Amino acid sequence: MFLETGKSYRARTAFGTEITFTVIGPDEQNWTIVELDEGDRVEPNVWLNTALLLWISSEPKRKTAISKAADEIIEVLEDSVRRP
């Protein structure tokens, strides 16, 4: 997955912890400079090994991701009903 500089992502670590981060530097051999968002504080300039993440979502908020997925499913269902 290509991580865009300036964009926020949500991911699950190998330990099972869910993290949110914003990319602030380019990906170099699976190491990316990020700003970790821990809710009440932000940790800048962290080297994150993206190869150890179980998954990465381009939706930094879980609620937004679920809502967007539901909208896409509804759209597909509506399209399938319209077809003869």
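Residues numbered from 1 in each chain as written. Predicted model: local features only at pLDDT ≥ 70, side-chain atom pairs only at ≥ 80, totals over all residues. Heavy atoms only, no water.

**Regarding the pattern of salt bridges**
Tallying each qualifying case throughout the model produces four salt bridges. Notably, a salt bridge pairs glutamate 18 with arginine 10, separated by 3.4 Å at the nearest N-O pair. Judged by its relative accessible area of 35%, glutamate 18 falls in the partly exposed class. Arginine 10 sits in the buried class, given a relative accessible area of 8%. Residues glutamate 43 and arginine 41 are paired through a salt bridge, measuring 3.9 Å at the closest nitrogen-oxygen approach. Judged by relative accessible area, glutamate 43 falls into the partly exposed class, the value being 31%. Among the charged side chains, a salt-bridge network with shared partners connects Arg10, Arg12 and Glu18. (Salt bridge = Lys/Arg side-chain N within 4 Å of Asp/Glu carboxyl O. Buried < 20%, exposed > 50% of the residue type's maximum accessible area, 1.4 Å probe, protein only.)

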